[in-house]
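Here's the letter readout for the chains.
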Amino acid sequence: MSDKSKTFASGLLFGVAMATLVSIISINVARGAFGGGDKSSPLTSDGSALIDEEFESKTNTILSSIMTGLYEDLEAENLRDGMFKGLMDSLGDKYAAYYTADEYYRVKQSTYSYIYGIGVVLSELSDRSGFVILKVYEDTPAEREGLIAGDVIKSADGLITSGITLSELVSRVRGEEGTYVNLTVYRESEDLTFDVDVPREKINVPTVYADMADTDKNIGYIQISEFGGNTAEEFNESLDRLLSEGIEGLVIDLRNNPGGIVSAVEAVADRLLPEGVIVYTEDRFGTTETATSDANYLDLPMAVLVNGSSASSAEILAGALQDHEQATLIGEVTYGKGVVQVVKGLSDGSAIKYTGSRYLTPNKRNIDGVGIKPDIELEYEYTGSDESPFEYKYDNQINKAIEVLTEN
């Protein structure tokens with residue numbers, strides 16, 4: 001089936017997204033789960049059956065017209081997936097989604113900060129002639145096979161990389177653990193093109209980076225890129241190392257952190273906050289759950305860096321530290337994602353996601369659509385050379401954080 005016909009089918013069915021459940025009944029999938037228009041049908045908010053005879057008849061008419069009149073053949077799996085996606089799109093929830101089994105597998109890999117791959121970060125060359133390796137993670141197959149930053153991947157298992165998308169290359173490079181991907185690589189520094197077979201392994205992608213931002217003033221620096229399955233453990237290890245080096249203040253960098261797993265940010269917040277509320281979550285019925293921290297906390301001056309791309313779980317941490325007056329927030333107003341999504345895996349490996357609740361900061365601020373205003377608003381500026389390696393002293397927001405921490 002062509003991409004055009006897939007798009008047509010999905011687009012045509014989008015407008016009748018709520019008919020998805022019935023249309024599945026009409027092709028004898030999950031009939032028993034919904035039972036047509038009888039009392040076992042899901043009910044709408046006004047108590048009426050979601051699936052009734054008129055609804056089922058209309059859906060069958062639409063499906064019959066498509067199946068008999070569309071110019072190209074349809075694949076049932078693509079049609080079903082399109083209907084499920086249309087159903088979730090119809091909710092009016094911008095965070096809602098339907099994931100096929102393959103899509104959900106990739107989402108879980110990303111969420112829990114691991115992949116089955118070779119351990120590199122890739123970026124497309126400006127002329128689209130291939131993809132350059134920006135970073136090789138330590139102790140990964142790529143490092144062991146001698147790949148380095150700057151190497152250009154020209155092909156992967158025979159797939160020429162010129163003109164393809166990054167997702168197409170990533171799909172070819174990733175695969176089952178223990179298998180190999182054959183790469184053709186060009187190394188400009190040696191004007192050398194070579195082939196290498198790289199084994200695929202489970203790669204734990206670090207989400208925490210720690211360093212000394214200022215050794216003279218004993219200011220530590222921890223960057224959290226997202227909140228994944230390993231983040232709390234990585235954070236605690238990084239913080240313990242910095243404490244052993246005698247830090248007297250800490251900069252926590254949440255800039256460009258899109259969020260992630262709520263339990264991960266709660267664990268990080270528990271390490272930093274005194275006894276009290278970390279975050280409230282509230283559903284549409286007004287039922288509230290409270291996450292709290294214990295009495296153990298980091299008794300050091302802290303500054304938190306945020307910007308317009310700091311979202312969701314990053315805002316939970318920033319808001320909690322601000323409300324407890326445990327840190328000075330520096331930077332720009334955050335994204336403003338104050339809602340929490342529910343992800344439900346289905347029996348065939350697929351999944352649905354939708355917004356199930358909102359969250360409130362310890363002071364019961366609703367930041368959804370508003371964001372968190374920093375204590376010190378400061379637009380980002382890097383004054384160093386783009387050609388030279390990054391240095392903290394040229395990052396004006398980090399400099400401001402060090403200044404604030406050393407004044408206290």
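For the structure, check the block above.
Quick caveat, the model's predicted, so the values are computed rather than measured. (Residues numbered from 1 in each chain as written. Predicted model: local features only at pLDDT ≥ 70, side-chain atom pairs only at ≥ 80, totals over all residues. Heavy atoms only, no water.)

A. Representation of helix α10 (residues 262–272) within the structure. Every buried residue belonging to α10 is among Ala-264, Val-265, Val-268, Ala-269 and Leu-272, and all of these are buried. Viewed along the axis of α10, the buried residues span an arc of 130°, placing them on a single side of the element. Those residues of α10 hidden inside the fold are in contact with β11 (219–224), α9 (231–244), β12 (249–253), β13 (276–282), β15 (302–306) and α11 (313–323). (Buried < 20%, exposed > 50% of the residue type's maximum accessible area, 1.4 Å probe, protein only. Helix = DSSP H or I, 4+ residues; strand = E, 2+ residues; numbered from the N terminus. Arc of directions from axis to C-beta. Contact = heavy atoms within 4.5 Å.)

B. Representation of the layout of surface pockets within the structure. If you add up the space inside the largest pocket, you get close to 1000 Å³. Looking at the largest pocket, it is lined by 35 residues, and the ones nearest its centre are Val-120, Val-121, Tyr-137, Val-205 and Pro-206. Those elements that provide at least two residues to the lining of the largest pocket are α6 (101–111), β2 (114–117), β3 (120–124), β4 (131–136), α8 (166–173), β9 (201–204) and β10 (208–214). Take the lining of the largest pocket: its biggest share by element is four residues, from β9. (1 Å grid on protein atoms, 1.4 Å probe; cavity = no way out; pocket = protein on both sides within 12 Å on 5 of 7 lines; lining within 4 Å. Points joined across faces, edges and corners; volume = space filled by probe spheres on them.)

C. Inspection of helix α4 (residues 53–69) at higher detail. In this model α4 runs 24 Å from its N-terminal to its C-terminal C-alpha over 17 residues, within 8% of the 24 Å that 1.5 Å per residue would give. All buried positions along α4 are accounted for by Glu-56, Thr-59, Leu-63 and Ile-66. Taken around the axis of α4, the buried residues stretch over an arc of 95°, which confines them to a single face. Set apart from the buried face of α4 by more than 90 degrees, the exposed residues are Glu-53, Glu-54, Lys-58, Thr-61, Thr-68 and Gly-69. (Expected span 1.5 Å × (residues − 1).)

D. View of the environment of Ile-367. Here Ile-367 lies in the loop between β18 (351–360) and β19 (376–377). The exposure class assigned to Ile-367 is buried, which follows from its relative accessible area of 2%. Residues Ile-367 and Gly-336, 31 residues apart in the sequence, show an inter-C-alpha distance of 5.5 Å. With residues up to four places along the chain from it excluded, the contact list for Ile-367 reads Glu-315, Gly-336, Lys-337, Gly-338, Tyr-359, Thr-361 and Ile-372.

E. Representation of the nonpolar core within the structure. In this structure, Ile-222, Ile-224, Phe-227, Leu-250, Leu-254, Leu-272 and Leu-317 are the most contacted members of the largest nonpolar core, which totals 40 residues. At the level of elements, β10, β11, α9, β12, α10, β13, β15 and α11 are the ones that each hand at least two residues to this core. Counting residues per element, this core draws most heavily on α11, which supplies six residues. Within the second largest apolar cluster, 19 residues are counted, among which are Val-120, Leu-169, Val-185 and Phe-194. (Core = buried A, V, L, I, M, F, W, Y, C linked by side-chain atoms within 4.5 Å.)

F. Quick look at the packing of aromatic side chains. Taken as a whole, this structure holds six aromatic pairs when the rule is applied. With a centroid separation of 6.4 Å and an interplanar angle of 15°, the aromatic rings of Tyr-99 and Tyr-104 are classed as stacked. Tyr-104 matches Tyr-99 in its accessibility class, with the two residues each being buried. Each member of the aromatic cluster is reached from another via a ring pair, and the members are Tyr-221, Tyr-382, Phe-390, Tyr-392 and Tyr-394. Sitting over the face of the ring of Tyr-95, Lys-337 holds its NZ or CZ atom 4.5 Å from the ring centroid. Just above the ring of Tyr-280 sits the side chain of Lys-364; from NZ or CZ to the centre is 5.0 Å. (Phe/Tyr/Trp six-rings, centres within 6.5 Å; stacked < 30°, edge-to-face > 60°. Lys NZ or Arg CZ within 6 Å of the ring centre and 35° of its normal.)

Treat this as a map of the structure, not an account of what it does.
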